[in-house]
Amino acid sequence: MKRTVIEVLFILLISLLISFIYSATSSVGIILLKKAFKIKAEIGVVVADAGSGKPRQTMKYM
Amino acid sequence: MSVPAAISFAFRVITGGIFLISGLAKISDPVRFMFTLRDFRLFPEIIVPFAAIYLPWLEFMLGLLVLSGLLYRTGSLMLACLNFVFMCAILSVIVRGMEVDCGCFGLLADMLKIPDMADTKAVIRNLLFIGMSLYIFKAKKTIFSLEDYLKKP
């Protein structure tokens, strides 16, 4: 029983550690981390404008 | 090789494999998973991004452990608990009469064109996973596990 509890805590902590390290190093993950810690962040889809061909942000989710 | 050990191994491959793949699919698109979680309207707004970051990795880790056979009994117990939580969330959506995406398979559902709605089929699927996970936890023996391999002198 005690061993199972220790193993559960170990798995939870390892997953937490890996998820935060991965998020901090990936472009999408860092946006979610900023959102989680209430740092101003916007997620959008950047597409080329039909007329000029310049990048244009179309959707803002947050 | 005994029959229960072979069944335990088969269940390990099915549950571990599915959770490994679905975890990877959600890790590759955490924003989509965050919006799915938000649609469920179960968690406070502050928790949703944390859950979107953490849950896919937890699924991936549990899938990997169960599939490889390392800490597989604890992993399968945690998988059963996780599936129970998912099932409760889906049941709450059904009771409230909402039609939302289940988010169970993330990008994979689009790629393979699998229906991924939070409905009774998803509840039955979760019940099957809980049953298989509990069988793995209760089974005394399994085959092709990394844990047994490491214990050998």
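Notes on the structure follow.

Conventions and cut-offs
- Residues numbered from 1 in each chain as written.
- Chains lettered and ligands numbered in written order.
- Predicted model: local features only at pLDDT ≥ 70, side-chain atom pairs only at ≥ 80, totals over all residues.
- Heavy atoms only, no water.
- Helix = DSSP H or I, 4+ residues; strand = E, 2+ residues; numbered from the N terminus.
- Buried < 20%, exposed > 50% of the residue type's maximum accessible area, 1.4 Å probe, protein only.
- Contact = heavy atoms within 4.5 Å.
- Areas by Shrake-Rupley, 256 points an atom, 1.4 Å probe, with all protein chains shown as cover.
- Phe/Tyr/Trp six-rings, centres within 6.5 Å; stacked < 30°, edge-to-face > 60°.
- Lys NZ or Arg CZ within 6 Å of the ring centre and 35° of its normal.
- 1 Å grid on protein atoms, 1.4 Å probe; cavity = no way out; pocket = protein on both sides within 12 Å on 5 of 7 lines; lining within 4 Å.
- Points joined across faces, edges and corners; volume = space filled by probe spheres on them.
- Nonpolar A, V, L, I, M, F, W, Y, C, P; charged D, E, K, R; others polar.
- Buried area = accessible area lost by both parts, 1.4 Å probe.
- Salt bridge = Lys/Arg side-chain N within 4 Å of Asp/Glu carboxyl O.
- Polar contact = N/O pair within 3.5 Å; in protein donor to acceptor, adjacent residues only side chain to side chain.

This part is about the overall build of chain A. Within chain A, the regular secondary structure consists of two helices and two strands. What you see in chain A, going N to C, is helices and strands ordered as α-α-β-β. For chain A, with 62 residues in total, the buried portion stands at 19%. Sequence-distant contacts, at least 24 apart, represent 3% of the contacts inside chain A between residues at least 6 apart. For chain A, the accessible surface area stands at approximately 4,500 Å², while carbon and sulfur atoms represent 68% of it.

Before going further, it helps to spend a moment on the packing of aromatic side chains. Considering all chains together, one arrives at six aromatic pairs over all chains under this definition. Through pairs of rings, three or more aromatic residues link up here, namely Y22 of chain A together with W57 and F60 of chain B. Over the ring of Y72 of chain B we find R12 of chain B; its NZ or CZ atom is 5.5 Å from the centre of that ring. Its guanidinium or amino end placed over the ring of F137 of chain B, R73 of chain B lies 5.0 Å from that ring's centre, counting from NZ or CZ.

Right, let's talk about the layout of surface pockets for a bit. One number sums up the size of the largest pocket: a volume of about 400 Å³. As for the largest pocket, its lining consists of 25 residues, of which K26, F33, E59, F86 and C102 of chain B are closest to the centre. Every element with two or more residues in the lining of the largest pocket is listed here: α1 (3-27), α2 (30-40), α3 (47-68), α4 (72-95) and α6 (120-138) of chain B. If you tally residues by element for the lining of the largest pocket, the top one is α4 of chain B, at five residues. Of the residues assigned to the lining of the largest pocket, the class counts are 18 nonpolar, four polar and three charged. A volume near 170 Å³ is recorded for the second largest pocket. Around the second largest pocket sit R3, T4 and E7 of chain A together with L71, Y72, R73, T74, F137, E147 and K151 of chain B, which together line it. Secondary-structure elements contributing two or more residues to the lining of the second largest pocket are α1 (2-25) of chain A together with α4 and α7 (146-151) of chain B. Among the residues making up the lining of the second largest pocket, the classes are represented as three nonpolar, two polar and five charged.

Contacts between the two partners involve 22 residues from chain B and, on the opposite side, 25 residues from chain A. Buried area between chain B and chain A, summed over both chains or domains, comes out near 2,200 Å², and the portion from carbon and sulfur atoms is 83%. Per-residue buried area on chain B facing chain A is highest for I53, Y54 and W57 of chain B; these three make up 26% of the total on that side. On the surface where chain B and chain A come into contact, there are zero salt bridges. Between chain B and chain A we count two residue pairs in polar contact (both at pLDDT 80 or more) in total. At the level of secondary structure, the elements contributing two or more residues to the side of chain B that touches chain A comprise α2, α3 and α4 of chain B. Per-element accounting of the side of chain B that touches chain A gives the leading share, 10 residues, to α3 of chain B. Grouping the constituent residues of the side of chain B that touches chain A by class yields 19 nonpolar, two polar and one charged.

With that settled, the discussion passes to empty space enclosed by the protein. Evaluated as defined, the whole model comprises two cavities of 30 Å³ or more. The calculated volume of the largest cavity comes to roughly 60 Å³. Lining the largest cavity are 12 residues, with Y22 and S23 of chain A together with I27, P30 and W57 of chain B positioned closest to its centre. Those elements giving two or more residues to the lining of the largest cavity turn out to be α1 and α2 (27-36) of chain A together with α1 and α3 of chain B. Broken down by element, the lining of the largest cavity gets its largest block of residues, four residues, from α3 of chain B. Its residues assigned to classes, the lining of the largest cavity shows eight nonpolar, three polar and one charged. Looking at the second largest cavity, its volume works out to about 30 Å³. Every residue lining the second largest cavity is listed: K26, D29, R32, F33, T36, G103 and G106 of chain B. A per-class count over the lining of the second largest cavity returns one nonpolar, three polar and three charged.

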